[in-house]
Amino acid sequence: MTTQPNEKKKIKLGTILRWLFSCVFVTMIVTGIVSQLTTTTLSGAVSWVTHTYKVKENIRELEKHLLEAETGQLGYIFTGEQSFLAPYKRGTQKIKTDWEDLRNILKDNPDQIKRLQQLETLCQSQINEWNQKNLIKGSEHLYFMNRIQKRWNNCVKVSKKC
């Protein structure tokens, strides 16, 4: 009779070991699933951050080209030299490409597309105003700019005498 209690202990120890290994195995599976879900979530977040940086970069390019066009237009208005229209024309051409790039990047977000269209309307009205200023440059606008330029030259002459 003394052998039966030992056998029961052996069976209990074997059962306990199987349960422990089963628990460890289930824990590893759960950990793997949680790791996969976390990695997928992180990958999605990184993708959105990258998307945001691309949008910001394209907006900076658009801003740079708007500034380039404005600078060329102002240079032409102040001097009347056609050479200043080169940056203006180059900037306005690049602006068209910038809008297309932004539309392609934001095509999956209707709210952003709506805001982009509003911004594009504002920028286009500014460009139209610049074009109008360039057209009237040859008439009365030239007269006023010449007067301003003469006054500026007189101020420079006076300051050189001092």
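> Please clarify how the overall build of the protein chain should be interpreted in this entry.
A tally of helices and strands in the protein chain yields three helices and zero strands. Helices (α) and strands (β) of the protein chain occur, in sequence order from the N terminus, as α-α-α. Counting only residues that meet the buried cut, the protein chain has 19% of its 162 residues in that class. Taking the intrachain contacts of the protein chain between residues at least 6 apart in sequence as the baseline, contacts between residues at least 24 apart amount to 63%. As presented, the protein chain carries roughly 12,900 Å² of accessible surface, and 63% of it is formed by carbon and sulfur atoms.

> Got a minute to help me understand the nonpolar core in this structure?
As a rule of thumb, soluble globular proteins bury nonpolar side chains together. Ranked by size, the top nonpolar core spans 16 residues in total, and within it Leu66, Ile95 and Trp99 carry the most contacts. Contact partners of Ile95, with chain neighbours within four places excluded, come to Leu62, His65, Leu66, Ala69 and Ile127.

> Before we go on, may I ask you to explain the confidence of the model for the protein chain in this structure?
Should pLDDT be low for a region, the predicted coordinates there are not to be read in detail. For the protein chain, mean pLDDT is 82; residues scoring 70 or higher make up 81% of the total. Mean pLDDT across the elements of the protein chain bottoms out in helix α3 (residues 110-161) (75) and peaks in helix α2 (residues 85-105) (91).

> Please explain the environment of Thr92 as it appears in this structure.
Looking at where Thr92 falls in the secondary structure, it is placed in helix α2. The exposure class assigned to Thr92 is buried, which follows from its relative accessible area of 14%. Once the C-alpha coordinates of Thr92 and Glu68 are considered, the two residues, 24 residues apart in sequence, prove to be 8.4 Å apart. Residues within four places of Thr92 in sequence aside, it is in contact with Ala69 and Ile127.

> Would you take a moment to explain the side chain of His65 for this structure?
With respect to the helices and strands, His65 occurs in helix α1 (residues 3-79). Apart from residues no more than four positions distant in its own chain, His65 is found in contact with Gly91, Lys94, Ile95 and Asp98.

> Help me understand the side chain of Asp98 in this model?
Looking at the secondary structure, you find Asp98 in helix α2. One buried charge, Asp98, has no salt-bridge partner; the nearest side chain with opposite charge is Lys64, at 8.1 Å. With residues up to four places along the chain from it excluded, the contact list for Asp98 reads Glu61, Leu62 and His65.

> In this structure, what is going on with the environment of Asp98? I would like to understand it.
Classification of Asp98 as buried rests on a relative accessible area of 7%. The spacing of Asp98 and Glu63 is 35 residues in sequence and 9.5 Å in space, taken between C-alpha atoms.

> Quick question: what am I supposed to make of α2 here?
Note: α-helices contain 3.6 residues per turn, so residues at a spacing of three or four share the same orientation. Counted at 1.5 Å a residue, the expected span for α2 with its 21 residues is 30 Å, and the 30 Å between its end C-alpha atoms agrees. Residues of α2 that are buried include every one of Leu85, Pro87, Tyr88, Gly91, Thr92, Ile95, Asp98, Trp99 and Leu102, and no others. Down the axis, α2 shows its buried residues gathered within 140° of arc, on one side only. Exposed positions of α2 whose direction lies more than 90 degrees from the buried face are Lys89 and Lys96.

> Just to check I follow, could you spell out the pattern of salt bridges for this structure?
Oppositely charged side chains may form a pair once their charged atoms are brought near each other. Inspection of every chain in the model, using the stated rule, returns four salt bridges. As a salt-bridge pair, Arg90 and Glu68 come within 2.8 Å of each other at their nearest N and O atoms. Of this pair, Arg90 sits in helix α2 while Glu68 sits in helix α1; the two residues are 22 residues apart in sequence, bridging distant segments of the chain. Judged by its relative accessible area of 19%, Glu68 is buried. In this structure, Arg103 engages Glu100 in a salt bridge whose closest nitrogen and oxygen atoms are separated by 2.5 Å. In this pair, Arg103 and Glu100 are both assigned in helix α2, three residues apart and thus about one turn of the helix distant. Salt bridges sharing partners connect three or more residues here, namely Glu100, Arg103 and Glu120.

Procedures and definitions
Residues numbered from 1 in each chain as written. Predicted model: local features only at pLDDT ≥ 70, side-chain atom pairs only at ≥ 80, totals over all residues. Heavy atoms only, no water. Helix = DSSP H or I, 4+ residues; strand = E, 2+ residues; numbered from the N terminus. Buried < 20%, exposed > 50% of the residue type's maximum accessible area, 1.4 Å probe, protein only. Contact = heavy atoms within 4.5 Å. Areas by Shrake-Rupley, 256 points an atom, 1.4 Å probe, with all protein chains shown as cover. Core = buried A, V, L, I, M, F, W, Y, C linked by side-chain atoms within 4.5 Å. pLDDT = per-residue confidence, 0-100. Lys, Arg positive; Asp, Glu negative; His and termini not counted. Salt bridge = Lys/Arg side-chain N within 4 Å of Asp/Glu carboxyl O. Expected span 1.5 Å × (residues − 1). Arc of directions from axis to C-beta.

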